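A closer look at the structure
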Amino acid sequence: MSTELLTLATWLAGEFSNREQAFASPAWFSHIRLCIRPLPWHVLDGVGFYSEQADDYDWKRPYRVRVLHLVERDGRIESENFVLKDPAAYLGACREPERLATLTRDQIEQLPGCTMVFDHVADAFEGRMIPGKCCRIFRKGQDTYLASEATVRANAFISWDRGLDPQTDEQVWGSYSGAFHFTKLQDFAAEVVDIHAGQLI
Ligand code: CYC
(Lines give C-alpha, C1' and ligand atoms only; values in the text may rest on other atoms or scores of the structure.)
Protein backbone atom coordinates (compact mmCIF):
# COMPACT_ATOMS: atom_id res chain seq x y z
CA MET A 1 0.00 0.00 0.00
CA SER A 2 1.38 3.43 -0.89
CA THR A 3 1.57 6.28 1.60
CA GLU A 4 -0.86 8.15 -0.65
CA LEU A 5 -3.51 5.48 -0.22
CA LEU A 6 -2.80 5.24 3.48
CA THR A 7 -3.23 9.01 3.83
CA LEU A 8 -6.55 9.08 1.97
CA ALA A 9 -7.77 6.10 4.00
CA THR A 10 -6.96 7.75 7.33
CA TRP A 11 -8.69 10.97 6.26
CA LEU A 12 -11.84 9.12 5.16
CA ALA A 13 -12.08 6.99 8.29
CA GLY A 14 -14.45 8.58 10.76
CA GLU A 15 -17.84 9.84 11.65
CA PHE A 16 -18.85 13.07 9.90
CA SER A 17 -21.56 15.70 10.23
CA ASN A 18 -22.52 18.79 8.23
CA ARG A 19 -23.91 20.39 11.42
CA GLU A 20 -22.59 23.94 10.81
CA GLN A 21 -23.87 24.01 7.25
CA ALA A 22 -27.27 22.53 8.14
CA PHE A 23 -27.76 25.06 10.95
CA ALA A 24 -26.68 27.97 8.76
CA SER A 25 -28.76 26.96 5.70
CA PRO A 26 -31.48 24.54 6.84
CA ALA A 27 -33.58 25.18 3.74
CA TRP A 28 -30.80 23.98 1.44
CA PHE A 29 -28.99 21.31 3.41
CA SER A 30 -30.47 18.58 5.52
CA HIS A 31 -28.47 17.62 8.57
CA ILE A 32 -26.69 14.38 7.74
CA ARG A 33 -24.38 11.98 9.52
CA LEU A 34 -21.88 9.90 7.64
CA CYS A 35 -20.05 7.03 9.27
CA ILE A 36 -17.11 5.54 7.35
CA ARG A 37 -15.57 2.56 9.16
CA PRO A 38 -12.43 0.72 8.08
CA LEU A 39 -13.01 -2.93 7.19
CA PRO A 40 -10.62 -5.68 8.28
CA TRP A 41 -8.09 -6.38 5.52
CA HIS A 42 -9.40 -9.88 4.79
CA VAL A 43 -12.86 -8.69 3.69
CA LEU A 44 -11.63 -7.24 0.38
CA ASP A 45 -7.99 -8.24 0.54
CA GLY A 46 -7.22 -4.57 0.72
CA VAL A 47 -8.34 -1.24 2.08
CA GLY A 48 -12.09 -1.10 2.44
CA PHE A 49 -14.77 0.78 4.30
CA TYR A 50 -18.28 0.11 5.44
CA SER A 51 -20.32 3.31 5.32
CA GLU A 52 -23.69 4.41 6.63
CA GLN A 53 -25.54 7.63 5.86
CA ALA A 54 -28.39 8.85 8.05
CA ASP A 55 -30.47 11.87 8.93
CA ASP A 56 -28.96 13.34 12.07
CA TYR A 57 -32.28 13.25 13.97
CA ASP A 58 -32.60 9.54 13.19
CA TRP A 59 -28.93 8.56 13.05
CA LYS A 60 -29.56 5.10 14.43
CA ARG A 61 -31.53 4.22 11.30
CA PRO A 62 -29.22 4.76 8.32
CA TYR A 63 -30.90 4.99 4.91
CA ARG A 64 -27.86 4.32 2.72
CA VAL A 65 -25.32 1.61 3.34
CA ARG A 66 -22.32 1.10 1.07
CA VAL A 67 -18.94 -0.57 0.93
CA LEU A 68 -15.98 1.27 -0.59
CA HIS A 69 -12.79 -0.33 -1.85
CA LEU A 70 -9.72 1.87 -2.36
CA VAL A 71 -7.48 0.59 -5.13
CA GLU A 72 -4.48 1.98 -7.01
CA ARG A 73 -4.74 2.00 -10.77
CA ASP A 74 -2.42 3.80 -13.19
CA GLY A 75 -0.78 5.67 -10.32
CA ARG A 76 -4.06 7.09 -9.03
CA ILE A 77 -6.36 6.06 -6.23
CA GLU A 78 -9.84 4.90 -7.07
CA SER A 79 -12.82 4.24 -4.84
CA GLU A 80 -14.98 1.39 -6.07
CA ASN A 81 -18.53 1.41 -4.74
CA PHE A 82 -20.55 -1.62 -3.62
CA VAL A 83 -23.99 -2.30 -2.18
CA LEU A 84 -24.78 -5.00 0.34
CA LYS A 85 -27.11 -7.73 -0.87
CA ASP A 86 -28.77 -7.67 2.57
CA PRO A 87 -28.11 -4.24 4.11
CA ALA A 88 -30.44 -4.96 7.06
CA ALA A 89 -28.02 -7.64 8.27
CA TYR A 90 -25.33 -5.06 9.02
CA LEU A 91 -27.37 -1.98 9.91
CA GLY A 92 -25.68 -0.19 12.82
CA ALA A 93 -22.40 -2.05 12.35
CA CYS A 94 -20.58 1.22 11.67
CA ARG A 95 -20.68 1.80 15.44
CA GLU A 96 -20.22 -1.88 16.34
CA PRO A 97 -17.27 -2.63 14.07
CA GLU A 98 -16.63 -6.10 15.53
CA ARG A 99 -19.72 -7.17 13.53
CA LEU A 100 -17.90 -6.31 10.29
CA ALA A 101 -15.41 -9.15 10.70
CA THR A 102 -17.90 -11.63 9.20
CA LEU A 103 -18.53 -9.59 6.05
CA THR A 104 -17.42 -11.40 2.89
CA ARG A 105 -17.01 -10.53 -0.80
CA ASP A 106 -20.06 -12.57 -1.81
CA GLN A 107 -22.32 -10.49 0.45
CA ILE A 108 -21.63 -7.36 -1.59
CA GLU A 109 -22.15 -6.35 -5.19
CA GLN A 110 -20.14 -3.79 -7.15
CA LEU A 111 -22.00 -0.88 -8.75
CA PRO A 112 -20.58 -0.98 -12.26
CA GLY A 113 -19.21 2.35 -13.48
CA CYS A 114 -19.60 3.88 -10.03
CA THR A 115 -15.92 4.43 -9.32
CA MET A 116 -14.41 7.68 -8.15
CA VAL A 117 -10.87 8.70 -9.16
CA PHE A 118 -8.72 10.89 -6.92
CA ASP A 119 -5.98 13.41 -7.58
CA HIS A 120 -3.73 14.47 -4.71
CA VAL A 121 -3.50 18.26 -4.75
CA ALA A 122 -1.82 20.23 -1.93
CA ASP A 123 -3.51 19.22 1.33
CA ALA A 124 -6.44 17.42 -0.26
CA PHE A 125 -7.60 14.59 -2.48
CA GLU A 126 -9.96 15.74 -5.22
CA GLY A 127 -12.27 13.04 -6.49
CA ARG A 128 -14.62 12.80 -9.43
CA MET A 129 -16.48 10.01 -11.16
CA ILE A 130 -14.63 8.21 -13.93
CA PRO A 131 -15.85 9.90 -17.14
CA GLY A 132 -18.36 8.43 -19.55
CA LYS A 133 -21.73 8.85 -17.78
CA CYS A 134 -21.25 5.25 -16.66
CA CYS A 135 -22.68 5.32 -13.12
CA ARG A 136 -26.37 4.88 -13.90
CA ILE A 137 -28.97 5.48 -11.22
CA PHE A 138 -32.71 5.15 -11.69
CA ARG A 139 -34.24 7.86 -9.53
CA LYS A 140 -37.26 10.17 -9.65
CA GLY A 141 -38.76 7.86 -12.26
CA GLN A 142 -35.97 8.20 -14.79
CA ASP A 143 -32.55 7.07 -15.86
CA THR A 144 -29.78 9.37 -14.61
CA TYR A 145 -26.01 9.29 -14.44
CA LEU A 146 -24.02 10.34 -11.41
CA ALA A 147 -21.83 13.44 -11.58
CA SER A 148 -20.12 13.39 -8.21
CA GLU A 149 -17.27 15.51 -6.87
CA ALA A 150 -15.56 15.17 -3.53
CA THR A 151 -12.72 16.80 -1.61
CA VAL A 152 -11.16 14.89 1.25
CA ARG A 153 -8.92 16.62 3.80
CA ALA A 154 -7.53 15.57 7.17
CA ASN A 155 -10.66 16.73 8.97
CA ALA A 156 -13.18 17.45 6.26
CA PHE A 157 -15.17 15.66 3.60
CA ILE A 158 -16.88 17.80 0.99
CA SER A 159 -19.15 16.05 -1.49
CA TRP A 160 -21.59 16.94 -4.19
CA ASP A 161 -23.62 14.11 -5.70
CA ARG A 162 -25.93 14.97 -8.57
CA GLY A 163 -27.95 12.88 -10.95
CA LEU A 164 -28.02 14.22 -14.52
CA ASP A 165 -30.18 13.36 -17.52
CA PRO A 166 -27.99 11.32 -19.93
CA GLN A 167 -29.43 13.11 -23.01
CA THR A 168 -29.60 16.73 -21.87
CA ASP A 169 -27.13 16.73 -18.93
CA GLU A 170 -29.78 18.59 -16.94
CA GLN A 171 -29.86 17.97 -13.23
CA VAL A 172 -32.60 15.60 -12.04
CA TRP A 173 -31.71 15.07 -8.37
CA GLY A 174 -29.18 16.15 -5.74
CA SER A 175 -28.29 19.48 -4.20
CA TYR A 176 -28.96 22.63 -6.26
CA SER A 177 -27.00 24.69 -3.73
CA GLY A 178 -23.54 23.22 -3.98
CA ALA A 179 -21.64 20.68 -1.96
CA PHE A 180 -22.27 19.17 1.45
CA HIS A 181 -19.57 20.17 3.94
CA PHE A 182 -18.83 17.51 6.49
CA THR A 183 -16.43 17.76 9.40
CA LYS A 184 -15.12 14.88 11.46
CA LEU A 185 -16.88 14.20 14.77
CA GLN A 186 -14.94 11.07 15.53
CA ASP A 187 -11.72 9.78 14.00
CA PHE A 188 -11.18 6.11 13.04
CA ALA A 189 -7.74 6.75 11.52
CA ALA A 190 -5.99 4.67 14.19
CA GLU A 191 -7.86 1.60 12.93
CA VAL A 192 -6.51 2.15 9.42
CA VAL A 193 -3.00 2.34 10.83
CA ASP A 194 -3.56 -0.90 12.82
CA ILE A 195 -4.99 -2.74 9.82
CA HIS A 196 -2.02 -1.62 7.73
CA ALA A 197 0.47 -2.64 10.44
CA GLY A 198 -1.18 -6.07 10.57
CA GLN A 199 -0.45 -6.42 6.86
CA LEU A 200 3.24 -5.72 7.26
CA ILE A 201 3.87 -8.46 9.82
C1 CYC B 1 -24.93 8.06 -5.02
N2 CYC B 1 -22.71 8.77 -4.22
C3 CYC B 1 -23.55 8.00 -4.97
C4 CYC B 1 -22.77 7.12 -5.79
C5 CYC B 1 -21.45 7.37 -5.50
C6 CYC B 1 -21.43 8.40 -4.50
C7 CYC B 1 -20.28 6.68 -6.16
C8 CYC B 1 -23.32 6.14 -6.80
C9 CYC B 1 -23.34 4.75 -6.28
C10 CYC B 1 -24.30 4.57 -5.16
O11 CYC B 1 -25.49 4.40 -5.42
O12 CYC B 1 -23.86 4.63 -4.01
C13 CYC B 1 -20.34 9.06 -3.87
N14 CYC B 1 -18.56 7.40 -3.73
C15 CYC B 1 -19.08 8.63 -3.55
C16 CYC B 1 -18.06 9.44 -2.95
C17 CYC B 1 -16.95 8.66 -2.80
C18 CYC B 1 -17.29 7.38 -3.29
C19 CYC B 1 -18.22 10.88 -2.56
C20 CYC B 1 -15.63 9.04 -2.24
C21 CYC B 1 -15.34 8.40 -0.95
O22 CYC B 1 -16.51 6.40 -3.30
N23 CYC B 1 -24.55 11.76 -1.14
C24 CYC B 1 -23.89 12.59 -0.35
C25 CYC B 1 -24.81 13.62 0.21
C26 CYC B 1 -26.17 13.05 -0.11
C27 CYC B 1 -25.87 12.00 -1.10
C28 CYC B 1 -24.57 13.82 1.63
C29 CYC B 1 -27.12 14.12 -0.57
C30 CYC B 1 -28.35 14.13 0.25
O31 CYC B 1 -22.69 12.55 -0.13
C32 CYC B 1 -26.80 11.37 -1.85
N33 CYC B 1 -25.48 9.79 -3.29
C34 CYC B 1 -26.63 10.35 -2.83
C35 CYC B 1 -27.74 9.77 -3.49
C36 CYC B 1 -27.21 8.85 -4.40
C37 CYC B 1 -25.81 8.88 -4.26
C38 CYC B 1 -29.21 10.12 -3.25
C39 CYC B 1 -27.97 8.02 -5.40
C40 CYC B 1 -28.07 6.60 -4.98
C41 CYC B 1 -29.16 6.41 -4.01
O42 CYC B 1 -30.31 6.64 -4.39
O43 CYC B 1 -28.86 6.03 -2.86
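Preceding block: the structure.
Residues numbered from 1 in each chain as written. Predicted model: local features only at pLDDT ≥ 70, side-chain atom pairs only at ≥ 80, totals over all residues. Heavy atoms only, no water.

**Considerations on the side chain of Ser79**
- Along the chain, the position of Ser79 falls in strand β5 (residues 76-84).
- Taking relative accessible area as the criterion, Ser79 reaches 6% and is therefore assigned buried.
- With sequence-adjacent residues up to four places away left out, Ser79 is seen in contact with Leu68, His69, Leu70, Cys114, Thr115, Met116 and Phe118. (Helix = DSSP H or I, 4+ residues; strand = E, 2+ residues; numbered from the N terminus. Buried < 20%, exposed > 50% of the residue type's maximum accessible area, 1.4 Å probe, protein only. Contact = heavy atoms within 4.5 Å.)

**What to know about helix α1 (residues 3-12)**
- Within α1, seven of the 10 residues are buried, which leaves the element mostly enclosed by the surrounding structure.
- Residues Leu5, Leu6, Leu8, Ala9, Thr10, Trp11 and Leu12 constitute the buried set of α1.

**Focus: the pattern of salt bridges**
- Across all of its chains, the model carries 14 salt bridges by this definition.
- Here Asp119 makes a salt bridge to Arg76, at a shortest N to O gap of 3.2 Å. Of the two residues, Asp119 is situated in strand β6 (residues 108-121) and Arg76 in strand β5; the sequence distance between them amounts to 43 residues.
- Here Lys133 makes a salt bridge to Asp169, at a shortest N to O gap of 3.0 Å. Of this pair, Lys133 sits in the loop between β7 (124-129) and β8 (136-139) while Asp169 is found in the loop between β10 (156-164) and β11 (171-174), placing the two residues 36 residues apart along the sequence.
- Its relative accessible area of 31% is what places Lys133 among the partly exposed residues.
- Several salt bridges converge on common partners, so that one network encompasses Glu15, Arg33, Glu52, Asp56 and Arg95. (Salt bridge = Lys/Arg side-chain N within 4 Å of Asp/Glu carboxyl O.)

**Remarks on the site of the ligand**
- Taken together, 24 residues surround the ligand, and among them Arg64, Arg66, Ser79, Arg139 and Asp161 come closest.
- One of the side-chain nitrogen or oxygen atoms of Arg66 is found 2.5 Å away from an oxygen atom of the ligand.
- Arg139 has a polar side-chain atom sitting 2.8 Å from an oxygen atom of the ligand.
- In isolation the ligand has 840 Å² of accessible area, and contact with the protein removes 87% of it.
- The pocket occupied by the ligand, as judged from atoms lying within 2 Å of grid points, is the largest pocket.
- Looking at the shell around the ligand, the elements that each hand over two or more residues are β4 (64-73), β5, β6, β8, β9 (142-152), β10 and β12 (180-187).
- Looking at which element gives the most residues to the shell around the ligand, the answer is β6, with four residues.
- Grouping the amino acids of the shell around the ligand by side-chain chemistry returns 15 nonpolar, five polar and four charged. (Near = heavy atom within 4 Å. Polar contact = N/O pair within 3.5 Å; in protein donor to acceptor, adjacent residues only side chain to side chain. Areas by Shrake-Rupley, 256 points an atom, 1.4 Å probe, with all protein chains shown as cover. 1 Å grid on protein atoms, 1.4 Å probe; cavity = no way out; pocket = protein on both sides within 12 Å on 5 of 7 lines; lining within 4 Å. Sits in = over half its atoms within 2 Å of the grid points. Nonpolar A, V, L, I, M, F, W, Y, C, P; charged D, E, K, R; others polar.)

**Here's the deal with the state of the cysteines**
- Inspection of every chain in the model, using the stated rule, returns two disulfides.
- Shown here is the disulfide that connects Cys35 with Cys94, its sulfur atoms set 2.2 Å apart. Its S-S torsion of approximately -100° makes the covalent link between Cys35 and Cys94 left-handed. With Cys35 in strand β2 (residues 32-39) and Cys94 in the loop between β5 and β6, this residue pair connects regions lying 59 residues apart in the sequence. For the pair formed by Cys35 and Cys94, the shared burial category is buried. (Disulfide = S-S within 2.5 Å.)

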